[in-house]
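Working through the structure, step by step
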Amino acid sequence: MADTESIPRKLQSRTIIEAAVLLILLLLPLGSGRLFSDFYIALCLRIMIFGILMLGFDLLAGYCGLVSFGHAMFFGTGAYVAALTWKYFTDSIWIGMLLGLGLNAIIGYVLGLLVVRTRTVYFIFLTFAFSQFFFVTANGWRLIGGTDGLTGIPAPALVPGVSLGERIPFYYFTVAFLLIAYWVARRIVNSHFGRLLRGIHQNEERVNFLGYNSPLLIRRVFLISGLFGSVSGTLMACFQPFVPPDYFHLSMSGEFVMMGLLGGMGTLVGPLMGTAIVIFLGDLLSSWLKEAWMLCLGALYVICILFSPEGLAKIIANISATGFLSRLSGRKGSTINGS
Amino acid sequence: MSFSGFLTNLLYGITIGSAYTLIASGLSIVFGVMGVLNFAHGSFVMLGAYTGLTIMNVTGNFWLSLTLAPLAVALLGGIVERSMVSRLYGKDVPSTLFLTFGLSMVFSNVVLLIWGGSHYSIQLPSYFKGFINLAGMYYPKFRLFVLLFSCALVAVLWLFLSRSRWGLPIRAGLHDLETVEAFGIDIYRVFSVLFIICSGLAAVAGVIIGSMRSINPMMDLDLITVALIVIVIGGLGSFKGALIGSLILGLAEAFGAQAAPGFAKFTTWVIMALVLILRPKGLFSER
């Protein structure tokens, strides 16, 4: 293939872009308060926190082709468990995060056994139904705050004495986690396992014919994807010291699907862009248009599905067909060359 | 629970279930024939309720709002089908779900902009107020009307599907679209008619439910959730399944609300999850 020779160059250009984005993220707090207001740091934080979840979402929905309409359950569980830990036991962020990951691993394992029996729309329904369990439970259970949610969550500490309540330390903490999440997701995508996931997306039967156990692979990616959501939820509980039951709501899960589709799934970078667009536009539009902002966002999303179902990453890739992004979103090269 | 209390709950469950049938059967048929999972179906119910409310407030005539609101929503349904949904025919089902999810966002925002966030209820005419004595059991008059009216509409819908000139290609389309087309039937016209009828039915249910309970900007999500559970229980694309699923859900709601008030919705989710686990394609799947 003609593609093969240019891959090192493309890989290089991707590394350059990645490094540039990282540099911007690292330098951003320096300008806060001088060049722009603290508001943008908060905005950027939210994009990064949801970005971590979206990386996991993309592994399941984009690469494996199973769209979850209930990813909010992992996010909410991560947030609730961490918040409860910090409020009642210890203020260590690590313990809160690990407990959240532990519970989500159990949830991901048990629900994985059930959802693996279904595909396409039925998969959507089942994940949607299970996340609704969590929503109803969180709403009805007085012990964890009921409809009011958890309030007055103390700021967790990185190590005893170093609080993450301050914006700037927390910002770098989140950048670190986004980086780790991106690295892990990229490793998974490029691994043998990642190629099998793409194989399941394209033709599950053939993957089974080759001797692989596709249900097991799906359960695995479902669980992994949930763990990304858990970390994201924990960080959110730290960023915003109250956890409402709405974290489990259908509109939350729907927003994740929207972020993925707007950005372009199966590319890792696409969902990150989608997250940035939805959150940035959401804030921008809601300050301009007050209540009508959801209308504009919804309309944008509808237009995107009608006219470019592949998402933004694909559009950009088509514009610069020889550039680095075609390497990111092109299914063509990646399966054959393996990278 | 006393025996008459049990009967009242039973009747209430069936009443609610019959109203749900109006919503769920439309959703199910549209899915079964057209391969479109219309998340905006709940928005059509909500728009029907709000339009009915406005017509009722302006004219004061309940029957006018029960006929005009569905007509208006059916028109909207036709526009949505022609301009957007029709572009996705033949694509995978999830993408139609995602499109209509976006549409439902837009509609719920439009409702919020026009009618605001408060809770309303359609004021019933005086002859629908009060209770009726059914063999010693007092039952609200309007609920009885809802039960009879919904059953009549469902019967008409069933006759339309099983006996009319239009029903044949629709039923055939459930099984094999290509053959239907090969017989020279303009299947896309059938699709449009079907979509229009189903959105109108949803709006009828909206006016009815809006008179029994409150009308609020969250009702679209509530009702589409109910309808989705119903058709998942009954089996996607099955009319019979939608009927039985609605009854199950109505009864679960009526009795569940009494058994565990805080967790009324929990029962419905348990039922859905159980059905999906035991019979992933629902009780009466056609596809």
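Values in this document were obtained by computation on a predicted structure and should not be read as measured data.

**Comments concerning the overall build of chain A**
- The helix and strand inventory of chain A stands at 14 helices and 2 strands.
- Compactness check: chain A gives a C-alpha radius of gyration of 20 Å against a globular reference of 20 Å for 339 residues, within 12% of the reference.
- Burial analysis of chain A (339 residues in total) assigns 46% to the buried set.
- Partitioning the intrachain contacts of chain A with sequence separation of at least 6 by distance along the chain shows that 74% fall at a separation of at least 24.

**A short note on the overall build of chain B**
- The number of helices and strands found in chain B is 11 helices and 2 strands.
- Reading chain B from its N end, one meets helices and strands in the order α-α-α-α-β-β-α-α-α-α-α-α-α.
- Relative to a compact globule of 287 residues, whose C-alpha radius of gyration would be 19 Å, chain B shows 19 Å and is just as compact.
- Each principal axis of the C-alpha atoms in chain B carries an extent, and together these give about 60 × 45 × 35 Å.
- Per-residue burial over chain B gives 49% buried out of 287 residues.

**Remarks on the interface of chain B and chain A**
- Between chain B and chain A, the contact holds 32 residues from the first and 31 residues from the second.
- Contributions of two or more residues to the side of chain B that touches chain A are made by helix H4 (93–115), helix H9 (219–234) and helix H11 (264–278) of chain B.
- Of the residues that constitute the side of chain B that touches chain A, the class distribution is 25 nonpolar, 4 polar and 3 charged.

**Topic: the packing of helix H2 (residues 39–63) of chain A against helix H8 (residues 214–239) of chain A**
Residues and elements named next belong to chain A.
- At a minimum axis separation of 7 Å, H2 and H8 run at an interaxial angle of 170 degrees. Relative to H8, the element H2 is oriented roughly antiparallel. Packed against H2, whose contacting residues are Leu-45, Ile-49, Phe-50, Ile-52, Leu-53, Leu-55, Gly-56, Phe-57, Leu-59 and Leu-60, the element H8 presents Val-221, Phe-222, Ile-224, Ser-225, Leu-227, Phe-228, Gly-229, Val-231, Ser-232, Leu-235, Met-236 and Phe-239 at the interface.
- When its residues are assigned to classes, the contact of H2 with H8 shows 18 nonpolar, 4 polar and no charged.

**Here we look at the nonpolar core**
- Counting 186 residues, the largest nonpolar core has Leu-194 and Ala-227 of chain B as its most contacted members.
- Those residues in contact with Ala-227 of chain B, other than ones at most four positions away along the chain, are Tyr-20, Ile-23, Ala-24, Leu-27, His-41 and Gly-42 of chain B.

**A few points about the environment of Ile-303 of chain A**
All names here are of chain A.
- Tracing the backbone through its elements, the reader meets Ile-303 in helix H11 (residues 293–307).
- Note on Ile-303: 12 C-beta atoms within 10 Å, which makes it exposed.
- A sequence separation of 41 residues divides Ile-303 from Leu-262, and the C-alpha atoms of the two residues are 9.8 Å apart.

**Structural notes on helix H1 (residues 3–34) of chain B**
Residue and element names in this part refer to chain B.
- With 32 residues, H1 extends 45 Å between its outermost C-alpha atoms, agreeing within 8% with the 46 Å of an ideal straight helix rising 1.5 Å per residue.
- Of all the bends in H1, the greatest measures close to 30 degrees and is centred on Thr-21.
- After H1 finishes, the residue Gly-35 shows a positive phi value of roughly 70 degrees.

**A few points about unusual backbone geometry**
Residues and elements named next belong to chain A.
- The backbone of Thr-120 shows a phi angle near 40 degrees, a positive value even though the residue is not glycine.
- Look at Thr-120 and you get partly exposed, because 14 C-beta atoms sit within 10 Å.
- The phi angle at Leu-268 is positive, at roughly 60 degrees, despite the residue not being glycine.
- For Leu-268, a count of 24 C-beta atoms within 10 Å puts it in the buried group.

**Details of the pairing of strand S2 (residues 137–140) of chain B**
Residue and element names in this part refer to chain B.
- Examined bridge by bridge, strand S1 (residues 131–134) and S2 share 4 bridges and lie antiparallel to one another. Bridge pairing links Leu-134 to Met-137 in S2.
- Linkage of S1 to S2, two consecutive antiparallel strands, is achieved through a turn of 2 residues, within which Ala-135 is found at a positive phi near 50 degrees.

**Quick word on the packing of helix H9 (residues 250–263) of chain A against H11 of chain A**
Residue and element names in this part refer to chain A.
- Running from N to C, H9 and H11 point in directions that differ by 50 degrees, and their axes come no closer than 10 Å. Taken together, H9 and H11 sit at an angle that is classed as oblique. At the point where H9 passes H11, the crossing takes the left-handed sense. Contact residues: H9 offers Met-258, Leu-261 and Leu-262, while H11 offers Tyr-301, Cys-304 and Ile-305.
- When grouped by side-chain class, the residues that make up the contact of H9 with H11 number 6 nonpolar, no polar and no charged.

**Quick notes on the confidence of the model for chain B**
- In the predicted model, chain B carries a mean pLDDT of 87, and the fraction of residues at 70 or more is 97%.
- Note on the complex model: pTM 0.85, ipTM 0.81.

**Points about the environment of Thr-21 of chain B**
- Among the secondary structure elements, Thr-21 of chain B is positioned in helix H1.
- Residues Thr-21 of chain B and Phe-266 of chain B, 245 residues apart in the sequence, show an inter-C-alpha distance of 20 Å.

**Thoughts on the environment of Leu-43 of chain A**
- In this fold, Leu-43 of chain A is placed in helix H2.
- It is 17 Å that separates the C-alpha atoms of Leu-43 of chain A and Phe-242 of chain A, two residues lying 199 residues apart in sequence.

Rules behind the numbers
Residues numbered from 1 in each chain as written. Chains lettered and ligands numbered in written order. Predicted model: local features only at pLDDT ≥ 70, side-chain atom pairs only at ≥ 80, totals over all residues. Helix = DSSP H or I, 4+ residues; strand = E, 2+ residues; numbered from the N terminus. Rg over C-alpha atoms; globule rule 2.2 N^0.38 Å. Buried ≥ 20, exposed ≤ 12 C-beta atoms within 10 Å, placed from the backbone. Contact = placed C-beta atoms within 7 Å. Nonpolar A, V, L, I, M, F, W, Y, C, P; charged D, E, K, R; others polar. Axes fitted to C-alpha atoms, helices over the stretch in contact; angles between N-to-C directions. Parallel < 35°, antiparallel > 145°, perpendicular 65-115°, else oblique. Core = buried A, V, L, I, M, F, W, Y, C linked by C-beta atoms within 7 Å. Expected span 1.5 Å × (residues − 1). Bend = angle between axes of the 7 residues up to and from the residue. Pairing = 2+ DSSP bridges. Left-handed = near helix turned anticlockwise from the far one by under 90°. pLDDT = per-residue confidence, 0-100.

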